[in-house]
Each structure stands twice: as C-alpha cells, then as structure tokens.
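Next come the chains, spelled out residue by residue.
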There are 2 protein chains.
Amino acid sequence: MKPRVSLITLAVADLEAAVAFYRDGLGLETEGIVGKEFEHGAVAFFELQPGLGLALWAQEDLAHDAGLPVTPISSTAFCLAHNVMSREEVDAVLAQAEQAGGRIVKAADETFYGGYAGYFQDPDGHLWEVAWNPERLPE
Amino acid sequence: MKPRVSLITLAVADLEAAVAFYRDGLGLETEGIVGKEFEHGAVAFFELQPGLGLALWAQEDLAHDAGLPVTPISSTAFCLAHNVMSREEVDAVLAQAEQAGGRIVKAADETFYGGYAGYFQDPDGHLWEVAWNPERLPE
C-alpha cells in the first residue's frame, strides 16, 4: 500500500462539544457538522495540510460503521503531534488548548531528542503533542 | 493553532512485530527501529505524504513520556483512512492487510456517501479504513 493517510477520524462522545473545542477553542476551520441526513453520518471535517483531513465522528457512529463495539478511549493508544517553529509557539499552543478546555497532561519541557514539547488531551481524552523539534520543523 | 498534524504515533505492544506488519506486510518504507540509545526512545518512523510521518512506539514508552497510565487500546477511538483511486485498489489493499496479518473487520462494500470502503485492524487493534471516495480522491 502507498504511504498515505487521507483522513484522521477521532471518535467523540459529544459531536457538538468536540466541534466547539476544535473550531472555537483551537481555531481550526470547518463547515461544521454535515451529513446529518444520513443515519450515523453526522460528521465534522477540518482541512489540515493538503491531502489530509481531520474528522470528528460520534464514537457510536464509527463503531456502527465498522461493526465493532464501543470501548473506552485510551489516552495512550495514539498521539497526534503538532510540530511548530519555536519553543514560544509550543507554549502558546498549549496555552490555547488549555484555554479551550483541553487538559495539559505534561507541561512543555526539554525532550530527550533535543527539542521542546508538551502534551494535552482533548475533551474526549485524545492525546496531542505540541512539539518544537529542530530535526522536524514544519514546512 | 495552525491546521497541521506532523506525526501520527501509534502505540504498540510489540514494536518489532508492529514494524514487521507495516514494513514487511504493508510495504511501507522505514529505516527500522531507531533511538534505542535513549530510555523509552526506541521508535520506528515511516514517511507518509510530505510533512506527515507515522511512528510506531511501545505503548509503555508513550505512556511514560506523557505521564499517563497504559490502558487498553480501543478499536473505535480513532480511525486512519487510506484513500485510493479505485474500488479495485480498495480490494487489493485490504487483501494485502489480511495477508500481512491484519484482521478484516468489515469487508469492502458500498458506503452511504457513494463510495466503496472496508476496514481492517492492525495487530494492536488500531483501525484503518481503506476507501475509494469519489469526492476525496488522493492527490
């Protein structure tokens, strides 16, 4: 298979609350919740970099679509890293996430690889790392 | 914050087995496990599209780094979608995933949005959707 991820879907307990966190709190643009006309189809999309989207979907709808049971979300199952250009930007994004209602799980600090990073959880417990990594600056 | 995900980290129980699945089974390129010289630092990176990487990291190491407990991975917490150009490619990628040791959780079928998609789980239970979506073809 080709090395490609087109869409990252995060399962959420409350779709409207999750949209509020990402749109109003973190400032990501979205058309809001679409697909309400389809059973289990209500979803919100956010465009990330070209070719990659972020979707918020009720966990029960994802579970229904995949034919899998709803089981508790683990905050250590995966992590989405948001890399930035400077240490100051790490601090600023973490402050924005906390202000938006996210939980800071690890304040920004020096990393073992020579960068500077911290972690926050979104309202559903999904884990984000905000990182300045001099070896992996955003384009 | 800017709309950007730089790295998707999947937490795994057995790093070598996970690398074998993604590298040997799915055919994604990697330099293999690096960072063994750092405590909790052993990781494997795969380059996806420009500006986006996939990392495999032992769940206990991610949990240690974030300061969070290891809790069971939910297969309905999130989903990574791999979009392809045709229905035939959906079938081919799902067959490859199954051959590699993944579990087909939903055979490819017509979707409510007019596409064609199926789901598989990797050996740790992480959920992937393989989709042909005429509204969202890969670039």
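None of these values were measured; they are calculated from a predicted model.

**Section: the overall build of chain A**
For chain A, the count of helices and strands is 3 helices and 8 strands. Overall, chain A shows an N-to-C arrangement of helices and strands of β-α-β-β-β-α-β-α-β-β-β. For 139 residues, the compact-globule estimate of 2.2 N^0.38 gives 14 Å, and chain A sits close to it at 16 Å. The burial tally for chain A puts 57% of its 139 residues in the buried class. Of the contacts made within chain A by residues no fewer than 6 positions apart, 50% connect residues no fewer than 24 positions apart. On chain A, roughly 6,000 Å² of surface is accessible, and the fraction owed to carbon and sulfur atoms is 51%.

**Details of the relation of the copies chain B and chain A**
Here two copies of a chain appear, and what relates them is a rotation about an axis with a shift along it. In the superposition of chain B on chain A (RMSD 0.0 Å, axial shift 0.0 Å), the rotation amounts to 180°. Such values leave the two copies arranged in the relation of a two-fold axis. Identified as the residue of chain B closest to the rotation axis by C-alpha distance is Ser74 of chain B, at 3.2 Å. Most of the interface of chain B is mirrored in chain A: 100% of its interface residues are interface residues there too.

**Concerning the packing of aromatic side chains**
Following the criterion strictly, the structure yields 15 aromatic pairs over all chains and no others. Taken together, a centroid distance of 6.2 Å and an interplanar angle of 55° make the contact between Tyr22 of chain A and Phe46 of chain A tilted. Of this pair, Tyr22 of chain A sits in helix 1 (residues 15-25) while Phe46 of chain A sits in strand 3 (residues 43-47), placing them 24 residues apart in sequence. The exposure class assigned to Tyr22 of chain A is buried, which follows from its relative accessible area of 1%. Relative to Tyr113 of chain B, the ring of Phe112 of chain B lies with its centre 5.5 Å away and its plane at 80°, an arrangement referred to as edge-to-face.

**Looking at the interface of chain B and chain A**
Across the contact, 60 residues belong to chain B and 60 residues belong to chain A. Roughly 5,500 Å² of surface becomes buried between chain B and chain A when both sides are summed, with 57% attributable to carbon and sulfur atoms. Summed over the three residues of chain B that lose the most area to chain A, namely Met1, Thr76 and Phe112 of chain B, the buried surface amounts to 16% of that side. Applying the counting rule to chain B against chain A returns 6 salt bridges. On the surface where chain B and chain A come into contact, there are 36 residue pairs in polar contact (both at pLDDT 80 or more). Of all the secondary-structure elements, those providing two or more residues to the side of chain B that touches chain A are strand 1 (7-12), strand 4 (53-58), helix 2 (59-66), strand 5 (78-83), helix 3 (87-99), strand 6 (103-110), strand 7 (116-121) and strand 8 (127-132) of chain B. Top contributing element to the side of chain B that touches chain A by residue count: strand 5 of chain B, with 6 residues. Residue composition of the side of chain B that touches chain A, grouped by class: 35 nonpolar, 16 polar and 9 charged. The pairing of strand 1 (residues 7-12) of chain A with strand 5 of chain B spans 4 bridges and is antiparallel. Paired with Leu10 of chain A across the bridge in strand 5 of chain B is Phe78 of chain B.

**Here's the deal with the sheet that holds strand 8 of chain B**
Across the sheet, 8 strands lie side by side as 2(A)-3(A)-4(A)-1(A)-5(B)-8(B)-7(B)-6(B); this open sheet has mixed pairing. One side of each edge strand has no neighbouring strand; the edge strands of this open sheet are strand 2 (30-34) of chain A together with strand 6 of chain B. Taken over all neighbouring pairs, the strand axes of this sheet differ in orientation by 20° on average, direction set aside. Each of strand 1 and strand 4 (53-58) of chain A together with strand 5, strand 6, strand 7 and strand 8 of chain B touches helix 2 (residues 59-66) of chain A; the most contacted strand, strand 4 of chain A, lies at about 95° to it.

**Quick look at the domain arrangement of chain A**
All names here are of chain A. You can read the domains of chain A as domain 1 (7-66) and domain 2 (79-132). With 12 residues of domain 1 at the contact, the number on the domain 2 side is 12 residues. Taken over both partners, the interface formed by domain 1 and domain 2 buries close to 930 Å², and the fraction arising from carbon and sulfur atoms is 69%. Contact with domain 2 buries area across many residues of domain 1, yet Phe21, Tyr22 and Leu26 alone supply 50% of it, more than any other trio. Put simply, domain 1 and domain 2 have 0 salt bridges between them. Here domain 1 and domain 2 share 6 residue pairs in polar contact (both at pLDDT 80 or more) between them.

**Details of the sheet that holds strand 7 (residues 116-121) of chain A**
Spatial ordering of the open sheet is given by 6(A)-7(A)-8(A)-5(A)-1(B)-4(B)-3(B)-2(B), a layout of 8 strands whose pairing is mixed. Edge positions in the sheet fall to strand 6 (103-110) of chain A together with strand 2 (30-34) of chain B, since each of these pairs with one other strand and no more. Averaged over all pairs of adjacent strands, the angle between their axes in this sheet comes to 20°, without regard to strand direction. Inspection of the sheet shows strand 3 (residues 43-47) of chain B paired to strand 4 of chain B by 5 bridges, in the antiparallel sense. Bridge pairing in strand 4 of chain B places Val43 of chain B opposite Trp57 of chain B.

Quick notes on the rules
Residues numbered from 1 in each chain as written. Chains lettered and ligands numbered in written order. Predicted model: local features only at pLDDT ≥ 70, side-chain atom pairs only at ≥ 80, totals over all residues. Heavy atoms only, no water. Helix = DSSP H or I, 4+ residues; strand = E, 2+ residues; numbered from the N terminus. Rg over C-alpha atoms; globule rule 2.2 N^0.38 Å. Buried < 20%, exposed > 50% of the residue type's maximum accessible area, 1.4 Å probe, protein only. Contact = heavy atoms within 4.5 Å. Areas by Shrake-Rupley, 256 points an atom, 1.4 Å probe, with all protein chains shown as cover. Least-squares fit on C-alpha atoms with pLDDT ≥ 70 in both. Phe/Tyr/Trp six-rings, centres within 6.5 Å; stacked < 30°, edge-to-face > 60°. Buried area = accessible area lost by both parts, 1.4 Å probe. Salt bridge = Lys/Arg side-chain N within 4 Å of Asp/Glu carboxyl O. Polar contact = N/O pair within 3.5 Å; in protein donor to acceptor, adjacent residues only side chain to side chain. Nonpolar A, V, L, I, M, F, W, Y, C, P; charged D, E, K, R; others polar. Pairing = 2+ DSSP bridges. Axes fitted to C-alpha atoms, helices over the stretch in contact; angles between N-to-C directions. Domains from an automatic or database assignment.

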